[in-house]
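Observations on chain architecture
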Amino acid sequence: MSRLDLSVTICGVLLKNPFVLASGILGTGAAILERVARSGAGAVTAKSYGPGPRAGYPNPTVLDWGSGLINAVGLPNPGVEVGVGELLETKERLRPLGVPLIASFFADTVKGYGEVARTIAQAGPDLLEINISCPNVEDEFGQPFAADPRAAAQVTLEVKRATSLPAIVKLSPNVADIKAIARAVEQAGADAISAINTLGPGMVIDIEAGRPILAHRVGGISGPAIRPIAVRCVYDICSAVSIPVIGIGGVLRGQDAVEMIMAGASAVGIGSAVYYRGPGVFKRLEVELSTYMEAHGYARLADFRGVALEG
Amino acid sequence: MDTPGWRISGGSPLRDRLPRVATVARVIPETSKVTTFVLDAAIKARPGQFLMVWLPGVNEKPFSIVCPDPLTITVANVGNFTAALHRLVPGERLWYRGALGRGFRLSGRDILLVAGGYGAAPLHFLALAARDSGMAVRVALGARAQEDLLFPGRFAGLGCRVWTCTEDGSFGESGLVTDLLQSLADQHRPGSVYACGPQAMLQAVAGICEARGIPYQVSMERYMRCGMGLCGSCAVAGRRVCRDGPVFSRLPPGS
C-alpha cells in the first residue's frame, strides 16, 4: 500500500486522500471536526453559516427511510459572526494534522453571499464552499440559486469579488440541465464544483398518523438511493467544465468512490456514510480504495480519473 | 451492500428506522410533575439506551427507556412537548424510534446506582437487568425536594437497597446525592458505579470514583436533533451523546 498515492490537490490545496466530510454532517464544532480529521478524512467541511443565527426546524429532522435518509434540519447555525470564531478554532486544531478546512456558507440574496463570504474569509479556511443548493435556501422567486444559471453565476461572481480564497460552488441535482449551471459558475470564476446536494425534496408519510413525518414535511434525500443520480450529475458536470469536481452522493464504500472518480471527480464527499458505517468510515474507505487500486495496478487517482468519460 | 467485512453500525438499506406507533396502555403518576407511560409495545434494548418519541405535529425528543417490556418511559412536565405527552390518556398513541445510543455495560457483583432527579429513569432499567443477573444493587437517589424524588418505591420493589437525600432536607438525608455517594463508596466499595443526572453531578461522581479507583459509567443528557449521530447537535468535546453515548465510561474531557 505504501507505493499508492491517494493524494489530490484541489485549487492548490493538498488533500492526503480524496475523502471530504460533506457539509452538514457533524460539522458543528471544532472538537468534532478535529475528531473527523483524526479519523482519516482528507478534508472536512464545517456546517453552513448564514448571515444571522437560525434555529433550524423542529424535530423530526432526519430519518432513515430504508434505502436512504431524508432530512430537513433547516440550516441551524449561530450566524457567520460567531461562525468565524468557531472556524478559527477549528483551523487551529486542524493545522497540525495537515487536514484542510472547507467553510460552507449561504445567504438569501446575491449581495448577502458576498457579505458572508467576506466575513467568513477572516477565519482563514483553506477553501470556501458556496451553498447555493440547500433546499432551504431560496431566492425571492422561491427557487434555490442553484436552479438558475444566471443566479448561480451572479452569486459566484459576488463571492469571487469579495474574497481571494478559492471557492467551490455546491450544485443541486434538482435542475433540468446541470451542465448549464456548471458552465455558468465556471465562467463566473468558480474554482471548483461540489455536487450533488440532496435530491428532492422528498416526503415520507407515516401511515398510522396520516401525515408527513418530518416537521418541515419535505426534506432532501441522501444516502445509497441517490448514488446513481449523483454519479450521472458528476459525469455530466465533468464533461462540461474543466475545474475540479468534488463528487458527493451516496458514497458508502471505497468502490463507490472509484465510481465517482471514474465519472471525473477529483475528490469524494462523505455524508450519510457516517451514519451507515460510523465516523471510522474514513479509514475504511481508504483501505477499500487502496485495495481496489492495488488490484488494478493503479498508483495514483489520476490513473483512472474520468476514464468513464472517455468511452 | 453485502460487502464482506461490513459492520453496519447504522441502518440497513433493507430496513427503515422510521418511527413505530404504540398505544398508551397505562398512565402512572409518579410525582406532581412526573408521569410514567406504559405502552403496548416491547423492544430489544440495553439499559441506558433511549427512544426518540414523536408526537405528530408537536415535536420529537429523546427519553430514557425505563423498561423495555412493556416499553415504558417516564416524563417530567417541563415544556411544550412534555406537556403534550402528559395529556395522553390510555388508548391514545405515540411514536418512537429506537432503541438508540450506547447503553450501560453491566459488570461487578455489587453495584451502586446514583441518580440525580430525573436521572433515575435509565437507572431503573439498569436495576431491572442487574437484578435479573443476580447482582446486589444499591441505589442513591437525590433530588431538590421530596416532590422531585423519582422511583424510591420502584427501586425498593426490585429488591435494591435505597438511600435517599434531598437538597432541602424534605425527605431522606439533607444534602447532595454526591455526598451520599462519597459515604456509600467508602462504606461498601461497590464494584461499579452507574450515574445519571445533571452535568455538575456527573462531574462530581467522576471525581469521587476516580479518586477511589472505582470504575464508573455515566449517562449524559443533551439537546438532540437527529438522534442518529449525523447532525452534531449533541456533540460534547467531540463525542456524539446520541451515538457515542449517552453512556460514557469516562466523562468526555472538557465536557
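What counts as what
Residues numbered from 1 in each chain as written. Chains lettered and ligands numbered in written order. Predicted model: local features only at pLDDT ≥ 70, side-chain atom pairs only at ≥ 80, totals over all residues. Heavy atoms only, no water. Helix = DSSP H or I, 4+ residues; strand = E, 2+ residues; numbered from the N terminus. Rg over C-alpha atoms; globule rule 2.2 N^0.38 Å. Buried < 20%, exposed > 50% of the residue type's maximum accessible area, 1.4 Å probe, protein only. Contact = heavy atoms within 4.5 Å. Areas by Shrake-Rupley, 256 points an atom, 1.4 Å probe, with all protein chains shown as cover. Domains from an automatic or database assignment. Buried area = accessible area lost by both parts, 1.4 Å probe. Salt bridge = Lys/Arg side-chain N within 4 Å of Asp/Glu carboxyl O. Core = buried A, V, L, I, M, F, W, Y, C linked by side-chain atoms within 4.5 Å.

**Here's the deal with the overall build of chain A**
Helix and strand counts for chain A stand at ten helices and 16 strands. The C-alpha radius of gyration computed for chain A amounts to 18 Å, which stays within 12% of the reference 19 Å derived for 311 residues, consistent with globular compactness. Based on the C-alpha atoms only, the size of chain A along its principal axes is roughly 50 × 50 × 40 Å. Classification of the 311 residues of chain A by burial places 63% in the buried group. Across chain A, every contact between residues at least 6 apart in sequence was considered, and the portion connecting residues at least 24 apart equals 71%. Roughly 11000 Å² of accessible area belongs to chain A as shown, and the carbon and sulfur atoms make up 52% of that amount.

**Observations regarding the domain arrangement of chain B**
All names here are of chain B. According to the domain assignment, chain B consists of domain 1 (20-100) and domain 2 (110-219). With both chains or domains summed, domain 1 and domain 2 bury close to 1300 Å², and 68% of this area falls on carbon and sulfur atoms. Contact with domain 2 buries surface across domain 1, with Thr31, Pro47 and Val66 losing the most and accounting together for 37% of the total. At the junction of domain 1 with domain 2, the criterion picks out two salt bridges. A salt bridge links Lys33 to Asp148; the nearest nitrogen and oxygen atoms lie 4.0 Å apart. Listed by contribution, the elements that provide at least two residues to the side of domain 1 that touches domain 2 are β2 (34-39), β5 (67-68) and β6 (71-76).

**Details of the nonpolar core**
Counting residues in hydrophobic clusters, the biggest one holds 120 residues, and the most contacted among them are Tyr113(A), Ile132(A), Leu171(A), Ile193(A) and Ile270(A). The dominant element in this core, judged by the number of residues it contributes, is helix α6 (residues 227-240) of chain A, at seven residues. Apart from the residues lying within four places of it in its own chain, the contact partners of Leu171(A) are Ile132(A), Ser133(A), Ile178(A), Ile181(A), Ala182(A), Ile193(A), Ser194(A), Ala195(A), Ile196(A), Asn197(A) and Ile237(A). In this structure, Leu181(B), Leu184(B), Ile208(B) and Met224(B) belong to the second largest nonpolar core, which totals 32 residues.

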